[in-house]
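# Close look at the chain arrangement
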Amino acid sequence: MTTPVTVTVTGAAGQIGYALLFRIASGQLLGPDTPVSLRLLEIPPGVKAAEGTAMELDDCAFGLLAGVDVFDDPTAGFDGTSIALLVGARPRGPGMERSDLLEANGGIFAPQGAAINAGAAEDVRVLVVGNPANTNALIAAAHAPDVPDDRFTAMTRLDHNRALSQLAARTGTAVTDIENVTIWGNHSATQYPDISHASVAGRPALEVVDDPAWVTDSFIPTVAERGAAIIDARGSSSAASAANAAIDHLHDWTHGTPESSWTSAGVVSDGSYGVPEGLISSFPVRSSGGRWQIVPDLEIDDFSRGRIDASVAELVEERDAVRRLGLL
Ligand code: NAX
């Protein structure tokens, strides 16, 4: 049998973890020929529930699942891992200021970055899902000096998929007819879902939509505030769709994207599109040879420029705040 790939999932006992682990074990992340060995990382109060999930994984008798282990120690949890899904994070509690939130998450993502640095496999790839995802990824990367920065990414694929679905519904087409949608900036309400380069069945999306007000007053806020709408409807935050997006992100990262289109991911900025170098911001990206590349040379109109700058300004504020806290 091929050597199993080690995959670590943090927050394994949470709702995204529960929606994610069975899909990974069934081969949807790495394909039908690659066995996986799962490492479930939790904090001590979550260990028992994670062990229950591990029992259920056993009970599925997945042919590709080479083993499941549960840990509450990051060093052990990331030992030998090639794929790290950092899902567990500290949610904002009542009365918590943003700086408190950043500090609490720094207390999670700094040691996890250090543990990845200490013991993960050479080819480790990290996807941060736990919020604030972009800045948590920045903190983890800063504590893993021996791991190339471009191995740390933040998830904006759920926002991207939401944008595809909204545009398909509006234009009466299938999501597969839509290409080159972009999410720019932060995974937060300031994100900019951009269809100015998108096409619908080969025609410019803006021409097919033919209603600029729909873009600004409906599409952008619906995508950016979809998470809140899900909480309102479901009584809890997006879980299965978030897990699905994490699978999409890592599958594309490891298997590549088609040359004809692109997707969105939070990746380290090389200064493209005026985004300060080193920030982890969402960009239009393609993947080949196991690396994300920012799609170059897109024309950015004034409207897009303003929206991108606003979201990037928030990322700069978050970075400066975690710097002041000594987390970078
Ligand atoms: P849950 O509260 O259901 O689960 C979180 C789990 O993480 C808990 O079991 C907790 O014990 C564990 N945990 C906390 N600290 C940990 C640590 N230091 N090490 C290991 N495990 C730890 O949350 P869930 O709904 O699964 O959401 C997880 C995270 O995803 C949240 O931060 C959430 O905001 C974020 N999301 C990000 C999305 C994105 O698109 N980037 C979308 C969905 C989701 O909102």
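The model shown is predicted, which means the values in this text are computed figures rather than measured ones.

## Observations concerning the layout of surface pockets
- Of the voids in this model, the largest pocket is the one considered here, and its volume is about 1,200 Å³.
- Taken together, 38 residues line the largest pocket, and the ones lying closest to its centre are Val129, Asn131, His187, Ile231 and Ser237.
- Counted by class, the lining of the largest pocket contains 15 nonpolar, 14 polar and 9 charged residues.

## Quick word on the UniProt feature "binding site: substrate" (unreviewed entry) in the protein
- Per the UniProt entry, the sites bearing "binding site: substrate" (unreviewed entry) are Arg92, Arg98, Asn131 and Arg162 in this numbering. A maximum C-alpha distance of 25.8 Å shows the annotated residues, which cover 71 residues in sequence, to be distributed over more than one spot. Set against the largest pocket, the annotated residues that line it come down to Arg92, Arg98, Asn131 and Arg162.
- When you line up the elements, Arg92 lands in the loop between β4 (83–86) and α4 (98–119).
- Residues contacting Arg92, with those up to four places away along its chain left out, are Glu97, Arg98 and Leu101.
- Separated by 3.3 Å, the side chain of Arg92 and the backbone oxygen of Met96 make a polar contact.
- Structurally, Arg98 is set in helix α4.
- Given a relative accessible area of 28%, Arg98 falls into the partly exposed group.

## What to know about the sheet that holds strand β11 (residues 203–204)
- With respect to topology, 3 strands assemble into an open sheet ordered β7-β10-β11, the strand pairing being antiparallel. Where the open sheet ends on each side, the last strands, each with one partner, are β7 (178–179) and β11.
- The sheet contact formed by β7 and strand β10 (residues 199–200) spans 2 bridges and is antiparallel. Across the sheet, residue Glu179 finds its bridge partner in β10, namely Ser199.

## Some remarks on helix α2 (residues 44–59)
- Given a rise of 1.5 Å per residue, 16 residues ought to cover 22 Å, and the 24 Å separating the end C-alpha atoms of α2 matches this to within 8%.
- Within α2, burial applies to Gly46, Val47, Ala50, Thr53, Ala54 and Leu57.
- For α2, the secondary structure elements touched by its buried residues are α1 (15–25), β2 (36–41) and β3 (65–71).

## Looking at the packing of aromatic side chains
- Applying the stated criterion to the full structure yields 6 aromatic pairs.
- When the ring of Trp184 is compared with that of Phe283, the centres are 6.2 Å apart and the planes differ by 70 degrees; the resulting orientation is edge-to-face. Here Trp184 is found in strand β8 (residues 182–184), whereas its partner Phe283 is found in strand β13 (residues 280–288), with 99 residues between them in sequence.
- Ring pairing ties together the aromatic residues Trp184, Tyr273 and Phe283, which thus form one cluster.

## Section: the site of the ligand
- Taken together, 22 residues are adjacent to the ligand, and Gln15, Ile16, Glu42, Val129 and Asn131 come closest.
- One of the backbone nitrogen or oxygen atoms of Gly11 is found 3.2 Å away from a nitrogen atom of the ligand.
- Here Gln112 contributes a side-chain N or O atom positioned 3.4 Å from a nitrogen atom of the ligand.
- With the chains in place, 79% of the 880 Å² that the ligand exposes on its own is no longer accessible.
- One can see that the ligand is located within the largest pocket.
- Breaking the shell around the ligand down by element, the ones donating at least two residues are α1 and α4.

Calculation criteria
Residues numbered from 1 in each chain as written. Predicted model: local features only at pLDDT ≥ 70, side-chain atom pairs only at ≥ 80, totals over all residues. Heavy atoms only, no water. 1 Å grid on protein atoms, 1.4 Å probe; cavity = no way out; pocket = protein on both sides within 12 Å on 5 of 7 lines; lining within 4 Å. Points joined across faces, edges and corners; volume = space filled by probe spheres on them. Nonpolar A, V, L, I, M, F, W, Y, C, P; charged D, E, K, R; others polar. UniProt positions renumbered as here; feature names shortened; annotations may be inferred. Helix = DSSP H or I, 4+ residues; strand = E, 2+ residues; numbered from the N terminus. Contact = heavy atoms within 4.5 Å. Polar contact = N/O pair within 3.5 Å; in protein donor to acceptor, adjacent residues only side chain to side chain. Buried < 20%, exposed > 50% of the residue type's maximum accessible area, 1.4 Å probe, protein only. Pairing = 2+ DSSP bridges. Expected span 1.5 Å × (residues − 1). Phe/Tyr/Trp six-rings, centres within 6.5 Å; stacked < 30°, edge-to-face > 60°. Near = heavy atom within 4 Å. Areas by Shrake-Rupley, 256 points an atom, 1.4 Å probe, with all protein chains shown as cover. Sits in = over half its atoms within 2 Å of the grid points.

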